[in-house]
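Examining the three-dimensional arrangement
One-letter residues, chain by chain:
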Amino acid sequence: MKCNRGIALVLALLSAMVTATPARAQTTAKIRSLTLESQTPWVSRGGAFSVRLKKPAQPAAAAADLEYAIAVYPASTSRSAFTQTLTTRPRTAPLAVITIGLTEAVTDESGAVTLDVGVQDPALPRDRSRVGLRGAGVYPVSVDLRTIGGAVHSRLLTHLVFVPEPPTGPKLAVGVIVPARMPLALRADGTDVLRSTDVNALTSVAATLSTLRTAGALLAPSPESLAALARSPRANERNAIVALQVVARDHLVVAAPFVATAAPAATVETRQASADRGQEVITDVLGSGPAAGVAIVTDPDDDRLAADLPSRLIVSDQLLQPTSQRVTPAEPIALRAATARATVPALIADSGLAAHFDNKASPVLSAHHLLADLATIYFDSPGRFRSLAVNPPDSWRARAALLAPFLAGLESSPILEAAGPDRLFKLATARTTPRVRVLQGSSSPTPLPAGYAGLRRTVASLREVMADAPVVAQGFADRLMVAASASFDASEQRAYVRVLQDSVMEERRKFRLPSGGSLTLTARRAGIPITVRSEAGYDARVVVQLASDRLRFPGGSTRTLTLSHQNTTERFTVQSLGSGNVPLRVLLKSPDGRVVLAESRLTVRSRNASGVGVALSVGALAFLLIWWYRHAAHRRRTPAAGDA
């Protein structure tokens, strides 16, 4: 009996454990994220740390039973330790926990909540309502909305950056790359796909930059995106261009190719054409040319790494070969290719900083995480001049909601300095020797499809046809560059090239010659009309060429025409070499003769014999007449002789 009771007790305990575990997991899963609207970026001695939260979802518990708990933890001792605090509360005990009842929190008309945490001034008597911090540093902060003494319903993880005294040494110089780009808009059929959300985002970013004229914000526009905006007739796109033009007047604009093409698949001509086109678009659309000598590279297959490196380069740390030396991203380096000895000055764009640019994360919280990360780098070696570049990943779409608080915090920082290229690429001292870093070799770039080379030659010839229609010609050239984009995988590239080939063929079919038919010559030498039909809608330059084995062309067999009407007729002088039906081949070519736009075969009916034929015929007739006369005379003489 006792045994049975013992077994029952054990089973009951096991059952309780099984049911309790899901309950705990469920409680953890219910923790929502509090949304940050703003916070104090820098806190000085005796200052206050203020956090403004969007109105949180009301838990099921009564308001009187809820409170905010703000826990301040010891400062991060390393950057790796700081990175952990972005997603997880520190395991150490907090320095202080400040609680504010939900009903006591300061709330505005929209329901947003402001929470304040005072920081103790060591020079003043101890104030228990304030937090005592242990010197300058980045202090993790957890803000919880919880039941008093119970479960946590919502949470926010952020940081308090404490700078008790203005530093006497140099600040950390920071350059921020602000991309102005959208997904590739130019399709292979010549149409543009522009989403209003992307266009509006560019306009908002430009408006933000126009109010924050910091030298450290480097505008990095995508020429392909700018060209798509310029082609659009809609007011929305025009507004985006105007906003970007305002920014370009007050900020440094970084040069870029029309699209980043892949190396080594791209030829030298393709690379140069993309660079020239990028320069042209930026200058035409923004009204001022990009700054020379600064380039940004984040792709190991970027074709700019296959040639002489730009004079000053901002390069992702993921493009560098590993090194056994202690590496910090906060100093210029001497960069060289794996197969070269010459080096160029470069700045490392740290991938850890780039990780804060997350399209799905809270933009305001991301901005303050980024400021705290930069502060962590500063506190790693305060008092020594260093510099770095912040470059968002290619997948990030510029958001004013992140840039505005970040750039504002950067401008107001006592330890960070928004700096332009001249300051960023400056070494700590004239005697400082930069570390030499080596670029990784290219990965396995996507080879261009087999038909790309022929397509490039065809487009080059068509541009001569379209010499008087530069917009149309440039459209095909732009699509050819997009087809070689490094952002395409193999299947996307093949699909783009196939559609572009169809578009080129469709353009060629806009030019037609008479199909079949016959022409009649009533004289040995006469003019024949050749009519070319054009449905291109622009003045086209073409070459008409005639060929025949039994016809001569005294005025030449080739003519260069400008097709300015739907039908253009040109007369060719021909000379027949004989009578009967003569085949005539008509070719319509590009001015360089490399592309046949149209071809036709006509029949020329010649009813007039040639001079040689006439002479032969007359001679033959005379010979027959003489022979007939002599033969008749001989027959008359032969009987007379017999009778004698």
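Just so you know, these numbers come straight off a predicted model, no measurement behind them. (Residues numbered from 1 in each chain as written. Predicted model: local features only at pLDDT ≥ 70, side-chain atom pairs only at ≥ 80, totals over all residues. Heavy atoms only, no water.)

**Side note on the packing of helix α3 (residues 196–211) against helix α9 (residues 400–411)**
Where α3 contacts α9, the two axes come as close as 9 Å, and the packing angle between them is 15 degrees. What the angle tells us is that α3 and α9 run roughly parallel. Crossing hand, α3 versus α9: right-handed. On α9, the residues that touch Ser204, Val205, Thr208 and Leu209 of α3 are Ala400, Leu403, Ala404 and Leu407. When its residues are assigned to classes, the contact of α3 with α9 shows six nonpolar, two polar and no charged. (Axes fitted to C-alpha atoms, helices over the stretch in contact; angles between N-to-C directions. Helix = DSSP H or I, 4+ residues; strand = E, 2+ residues; numbered from the N terminus. Parallel < 35°, antiparallel > 145°, perpendicular 65-115°, else oblique. Left-handed = near helix turned anticlockwise from the far one by under 90°. Contact = heavy atoms within 4.5 Å. Nonpolar A, V, L, I, M, F, W, Y, C, P; charged D, E, K, R; others polar.)

**Overview of the environment of Arg146**
Within the secondary structure, Arg146 sits in strand β9 (residues 137–147). With a relative accessible area of 23%, Arg146 lands in the partly exposed category. Between the alpha carbons of Arg146 and Ile31 there is a distance of 9.6 Å; along the sequence they are 115 residues apart. For Arg146, the residues in contact, after removing those within four places along its chain, are Asp65, Leu66, Glu67, Ala69, Thr99, Ala151, Val152 and His153. (Buried < 20%, exposed > 50% of the residue type's maximum accessible area, 1.4 Å probe, protein only.)

**What about the pairing of strand β15 (residues 333–336)?**
As judged from the three bridges shared by β15 and strand β16 (residues 344–349), these two strands associate in the antiparallel manner. Along β16, the bridge assignment pairs Leu335 with Val344. As paired strands, β15 and strand β19 (residues 435–438) are joined by four bridges and run parallel to one another. Its bridge partner being in β19, Arg336 is matched across the sheet by Val438. (Pairing = 2+ DSSP bridges.)

**Overview of the sheet that holds strand β4 (residues 66–72)**
Strand order in the open sheet made by the five strands is β1-β10-β9-β4-β5, with mixed pairing throughout. Of all the strands in the sheet, the pair left with one neighbour each is β1 (32–33) and β5 (96–101). Bridge analysis of β9 against strand β10 (residues 152–162) gives ten bridges, and the strand direction is antiparallel. For Pro140, the partnering residue across the bridge sits in β10 and is His159. Its contacts with the sheet place helix α8 (residues 363–380) against β9 and β10, and it is angled at close to 40 degrees to β10.

**Focus: the layout of surface pockets**
Estimates place the volume of the largest pocket at around 750 Å³. Taken together, 32 residues form the lining of the largest pocket, with Arg181, Ser222, Ala260, Thr298 and Asp394 sitting closest to its centre. Here the lining of the largest pocket is built from residues that sort into 19 nonpolar, six polar and seven charged. (1 Å grid on protein atoms, 1.4 Å probe; cavity = no way out; pocket = protein on both sides within 12 Å on 5 of 7 lines; lining within 4 Å. Points joined across faces, edges and corners; volume = space filled by probe spheres on them.)

**A few points about helix α11 (residues 452–465)**
Compared with the 20 Å implied by 1.5 Å per residue over 14 residues, the 20 Å span of α11 between its first and last C-alpha is a close match. Of all the residues in α11, the buried ones are Tyr452, Leu455, Thr458, Val459, Ser461, Leu462 and Val465. Packing partners of the buried residues in α11 comprise α6 (268–286), α12 (470–483), α13 (490–508), β20 (511–512), β23 (540–547) and β28 (596–606). (Expected span 1.5 Å × (residues − 1).)

**Here's the deal with the sheet that holds strand β27 (residues 580–589)**
On the basis of which strands lie adjacent, the open sheet formed by five strands has the order β21-β28-β27-β23-β25 and mixed pairing. Where the open sheet ends on each side, the last strands, each with one partner, are β21 (518–521) and β25 (558–563). Between one strand and the next, the sheet's axes are offset by a mean angle of 30 degrees, whatever the strand orientation. As paired strands, β21 and β28 are joined by four bridges and run parallel to one another. Counted as the bridge partner of Ser518 is Thr603 from β28. This element, α11, spans β23 and β28 of the sheet and lies at about 105 degrees to β23.

**Notes on the confidence of the model for the protein chain**
Low-pLDDT stretches of the model should not have their predicted coordinates read in fine detail. Averaged over the protein chain, the pLDDT score is 86; the fraction of residues at 70 or greater is 88%. Considering only residues more than four positions removed or in separate chains, one finds that residues 640–644, a stretch of pLDDT under 50, has zero contacts. (pLDDT = per-residue confidence, 0-100.)

**Section: the packing of α12 against α13**
Direction vectors running N to C along α12 and α13 enclose 160 degrees, while the axes themselves pass 9 Å from each other. Classified by the angle their axes make, α12 and α13 are roughly antiparallel. For the element pair α12 and α13, the recorded crossing hand is left-handed. Touching Val472, Phe476, Arg479, Leu480, Val482 and Ala483 of α12 are Gln493, Tyr496, Val497, Leu500, Ser503, Val504 and Glu507, all from α13. Split by residue class, the contact of α12 with α13 holds nine nonpolar, two polar and two charged.

**Some details on the pattern of salt bridges**
Enumeration according to the criterion identifies 25 salt bridges in this entry. Of the charged contacts in the structure, one is a salt bridge between Arg89 and Asp144, with a shortest N-O distance of 3.6 Å. Linking Arg89 in the loop between α2 (79–84) and β5 with Asp144 in strand β9, this pair joins segments that are 55 residues apart in sequence. Looking at Arg89, the relative accessible area reads 36%, which means it is partly exposed. Its relative accessible area of 4% is what places Asp144 among the buried residues. Glu535 serves as the salt-bridge partner of Arg533, at 3.5 Å between the closest nitrogen and oxygen. One salt-bridge network, in which partners are shared between bridges, spans Glu37, Arg52 and Asp108. (Salt bridge = Lys/Arg side-chain N within 4 Å of Asp/Glu carboxyl O.)

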